[in-house]
Amino acid sequence: MLNWGLIRLLTHPKQLPRLSYISGASLLIKREVLERVGFLDEGFFMYGEDCDYGLRLRKAGFRLAVASEARVLHKGGTSWASNLAADEHFAAHNVRLFRKHAPWPLLAVAGYALFWLAEYSLRGRFDKVGALFRGLRRGWQLPLG
């Protein structure tokens, strides 16, 4: 659903044909893949680099797979801080992702913006609307390189 600015992390084995990326929390990548596709795009820093990598892998002709019986335990901490700066950062890097991969980036960003505008408005989180629009604006300025 990249065309419409919607990205979902699919986790059920029946969804494998539609799998676009795998969470970067636990990846096994063959050396030949790294040599052909390269490393994670550091321009994302956090939020979006795993999705970008999955899309790049698919474009290079690789299949993504999930070890459905595998479990990853994460002890302590979190990389996501629930604050307006994190919301802005998240939006900016999603815009960069759409600019890099969506066939019609403007349409994808518009769909993304409408979804989150509705989400925040319905929840009465109008403070997040400002962060969303700051992130959208900043995302158009981030280099794609």
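Residues numbered from 1 in each chain as written. Predicted model: local features only at pLDDT ≥ 70, side-chain atom pairs only at ≥ 80, totals over all residues. Heavy atoms only, no water.

Draft legend 1. Region of interest: the environment of Leu-34. Tracing the sequence through the fold places Leu-34 in helix α1 (residues 31-37). The contacts of Leu-34, once residues within four sequence positions are left out, are Ile-29, Phe-39 and Tyr-53. (Helix = DSSP H or I, 4+ residues; strand = E, 2+ residues; numbered from the N terminus. Contact = heavy atoms within 4.5 Å.)

Draft legend 2. The side chain of Asp-52, seen in detail. With respect to the element layout, Asp-52 can be found in helix α2 (residues 49-59). The exposure class assigned to Asp-52 is buried, which follows from its relative accessible area of 0%. Of note is the side chain of Asp-52, whose polar atom sits 2.5 Å from the side chain of His-101. (Buried < 20%, exposed > 50% of the residue type's maximum accessible area, 1.4 Å probe, protein only. Polar contact = N/O pair within 3.5 Å; in protein donor to acceptor, adjacent residues only side chain to side chain.)

Draft legend 3. Structural view of the nonpolar core. Residues Ala-91, Val-95, Phe-98, Ala-102, Ala-108, Val-109, Tyr-112, Ala-113, Tyr-120, Val-129, Leu-132 and Leu-136 constitute the largest nonpolar core, which totals 12 residues. When contributions to this core are tallied by element, the ones reaching two or more residues are α3 (84-101), α4 (105-122) and α5 (126-139). When residues in this core are grouped by element, the largest group, 5 residues, is from α4. In terms of nonpolar packing, the next biggest core, distinct from the first, is built from 7 residues, Leu-19, Val-33, Leu-57 and Leu-64 among them. (Core = buried A, V, L, I, M, F, W, Y, C linked by side-chain atoms within 4.5 Å.)

Draft legend 4. Fine view of the environment of Ile-22. Position of Ile-22 relative to the elements: it lies in the segment before α1. Of the residues examined, Ile-22 reaches a relative accessible area of 22% and is grouped as partly exposed. Along the primary structure Ile-22 and Cys-51 are separated by 29 residues, whereas in three dimensions their C-alpha atoms are 7.0 Å apart.

Draft legend 5. Just the pattern of salt bridges, in detail. By the definition in use, this model includes 10 salt bridges. Put simply, Asp-52 and Lys-100 hold a salt bridge, and the shortest N to O gap is 3.0 Å. Here Asp-52, found in helix α2, pairs with Lys-100, found in helix α3; they are 48 residues apart in sequence, far enough to count as distant. A residue is classified by how much of its surface remains accessible, and Lys-100, at 27% relative accessible area, is partly exposed. (Salt bridge = Lys/Arg side-chain N within 4 Å of Asp/Glu carboxyl O.)

Draft legend 6. How the structure looks around the packing of aromatic side chains. Tallying each qualifying case throughout the model produces 4 aromatic pairs. Geometrically, the ring pair formed by Trp-116 and Tyr-120 is tilted, given 5.4 Å between the ring centres and 40 degrees between the ring planes. One end of the pair is Trp-116 and the other is Tyr-120, both in helix α4 and 4 residues apart, which spans about a single turn. Overall, the relative accessible area of 22% leaves Trp-116 in the partly exposed class. It is Arg-96 that lies over the ring of Phe-44; its NZ or CZ is 4.3 Å from the centre. (Phe/Tyr/Trp six-rings, centres within 6.5 Å; stacked < 30°, edge-to-face > 60°. Lys NZ or Arg CZ within 6 Å of the ring centre and 35° of its normal.)

Draft legend 7. Layout of α3. For α3, spanning 18 residues, the distance from its first C-alpha to its last is 26 Å, which sits close to the expected 26 Å at 1.5 Å a residue. Taking burial as the measure, the 18 residues of α3 include 13 buried ones, the bulk of the element. (Expected span 1.5 Å × (residues − 1).)

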